[in-house]
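# Chains, contacts and geometry: an overview
The lines below spell out each chain.
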Amino acid sequence: MKNITISKKFEFSASHRYWRDEWCEEENRRYFGNSTGPYGHGHNYELHVTVLGNIDPKTGMIINLTELKKYVNDVLESFDHKFLNLDTPYFKDKQPTTENLALVLFDLIAKKLKTLQGIALYKLRLYEKRDLYVDVWQDKS
Ligand code: NI
């Protein structure tokens, strides 16, 4: 059986700070380096959203791209130009790393796409920088 996916790239900007209250400043610096600065720092994130589905014979497409854009942008709106630590509710008890951010985005986008029949979020790739990215995907359960 062949599988087919389609991927679309999105962009957003956000800032973050890595810090553990339980650790002293020196320990924080040792693990997180310059990312401990009290005012945070920003990234231009790039998100690649990959959707798995069947080709609709009427349109020749897996997903209506207008719908995909709308669903993903609805999610990204609450992250764009935000300080991830305080302006979003997701990082109260975990670091706003690219790994954790990718997991949060995966769950939020997967939930939105569930309303579309025959479509599943297959994979997210989140770039923090050009040379650093995280992949999240779900095994078939
Ligand atoms: Ni950073």
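Notes on the structure in this doc start here. Each chain has its residues counted from 1, following the order in which its sequence is written. Residues qualify for local features only when their pLDDT is at least 70, as the model is predicted, and side-chain atom pairs are given and counted only at 80 or more; totals for whole chains, interfaces and linings, by contrast, use all residues. Note that water and hydrogens are dropped before the side-chain values are worked out from all heavy atoms of the structure.

## Remarks on the pairing of strand β5 (residues 132-137)
Paired strands, in this sense, are two strands between which DSSP finds at least two bridges. Under the scheme used here, helices are H or I runs from DSSP no shorter than 4 residues and strands are E runs no shorter than 2 residues, and both carry numbers assigned from the N terminus. The pairing of strand β4 (residues 119-129) with β5 spans six bridges and is antiparallel. By the bridge assignment, Arg125 is partnered in β5 with Asp135. Where β4 hands over to β5, the hairpin turn is made up of two residues, counted between the paired strands.

## Observations concerning unusual backbone geometry
Negative phi characterises most residues that are not glycine, and trans characterises most peptide bonds. Even without being glycine, His81 reaches a positive phi, approximately 60°. Of note, His81 is situated in the loop between α2 (65-76) and β3 (82-83). Three labels apply to residues, based on accessible area from a 1.4 Å probe with only protein chains included: buried if under 20% of the type maximum, exposed if over 50%, partly exposed otherwise in between. On the accessibility criterion, His81 (64% relative accessible area) is exposed.

## Some thoughts on the layout of surface pockets
Taken as a whole, the largest pocket holds about 310 Å³ of empty space. Put plainly, a pocket is an open set of points on a 1 Å grid over the protein atoms alone with protein on both sides within 12 Å along at least five of seven lines, a cavity is a set where a 1.4 Å probe fits but cannot get out, and a lining residue has an atom within 4 Å of a point. Around the largest pocket, the lining comprises 13 residues; the ones closest to its centre are Trp19, Asn85, Phe91, Lys92 and Gln95. In the scheme used here, Gly and all other residues not listed as nonpolar or charged are polar, with Ala, Val, Leu, Ile, Met, Phe, Trp, Tyr, Cys and Pro taken as nonpolar and Asp, Glu, Lys and Arg as charged. Of the residues assigned to the lining of the largest pocket, the class counts are four nonpolar, two polar and seven charged. Grid points are joined across faces, edges and corners, and a volume is the space filled by probe spheres set on the points. The computed volume of the second largest pocket comes to approximately 210 Å³. If you trace the second largest pocket, you find it lined by Phe106, Asp107, Ala110, Lys111, Leu113, Lys114, Ile119, Ala120, Leu121, Val136, Trp137 and Gln138. Of all the elements in the fold, those that place two or more residues in the lining of the second largest pocket are α4 (98-113), β4 and β5. In terms of residues, the lining of the second largest pocket owes the most to one element, α4, which gives five residues.

## Description of the side chain of Arg17
On the secondary structure map, Arg17 appears in the loop between β1 (5-16) and α1 (25-32). His is not counted here, nor are the chain ends, while Lys and Arg score as positive and Asp and Glu score as negative. Each reported salt bridge corresponds to a side-chain nitrogen of Lys or Arg within 4 Å of a carboxyl oxygen of Asp or Glu. There is no salt bridge for the buried Arg17, and the closest opposite charge comes from Asp21, which lies 6.4 Å off by N-O distance. Any pair of nitrogen or oxygen atoms within 3.5 Å is treated as a polar contact; in protein, a donor-acceptor pairing is required on top of that, and neighbouring residues in sequence qualify only through side-chain atoms on both sides. Separated by 3.2 Å, the side chain of Arg17 and the backbone oxygen of Gly37 make a polar contact. Ignoring any residue separated from it by four or fewer positions in sequence, one finds Arg17 in contact with Ser35, Thr36, Gly37, Pro38, Gly40, Phe83, Asn85, Gln95 and Pro96. In this description, contact between two residues means that some pair of their heavy atoms is separated by no more than 4.5 Å.

## A look at the sheet that holds β1
Here we have five strands laid out as an open sheet, ordered β3-β1-β2-β4-β5, and mixed in their pairing. Of all strands in the sheet, those with a lone pairing partner are β3 and β5, marking the two edges. With eight bridges joining them, strand β2 (residues 41-53) and β4 adopt antiparallel strand pairing. Following the sheet pairing, Thr50 is matched in β4 by Lys123.

## Describing the packing of aromatic side chains
Think of it this way: a Phe, Tyr or Trp ring, Trp meaning its six-membered ring, pairs with another when their centres are within 6.5 Å, and the plane angle makes it stacked under 30 degrees, edge-to-face over 60, tilted otherwise. Enumeration according to the criterion identifies seven aromatic pairs in this entry. For the ring pair Tyr90 and Phe91, a centre distance of 6.4 Å and an interplane angle of 75° mean the geometry is edge-to-face. In this scheme, the term charge over a ring applies when either NZ of a lysine or CZ of an arginine sits within 6 Å of the ring centre and within 35 degrees of the ring normal. The positively charged end of Lys8 is found above the aromatic ring belonging to Phe10, 5.8 Å away from the centroid. Seen from the ring of Trp23, Arg20 lies directly overhead, with NZ or CZ sitting 5.1 Å from the centre.

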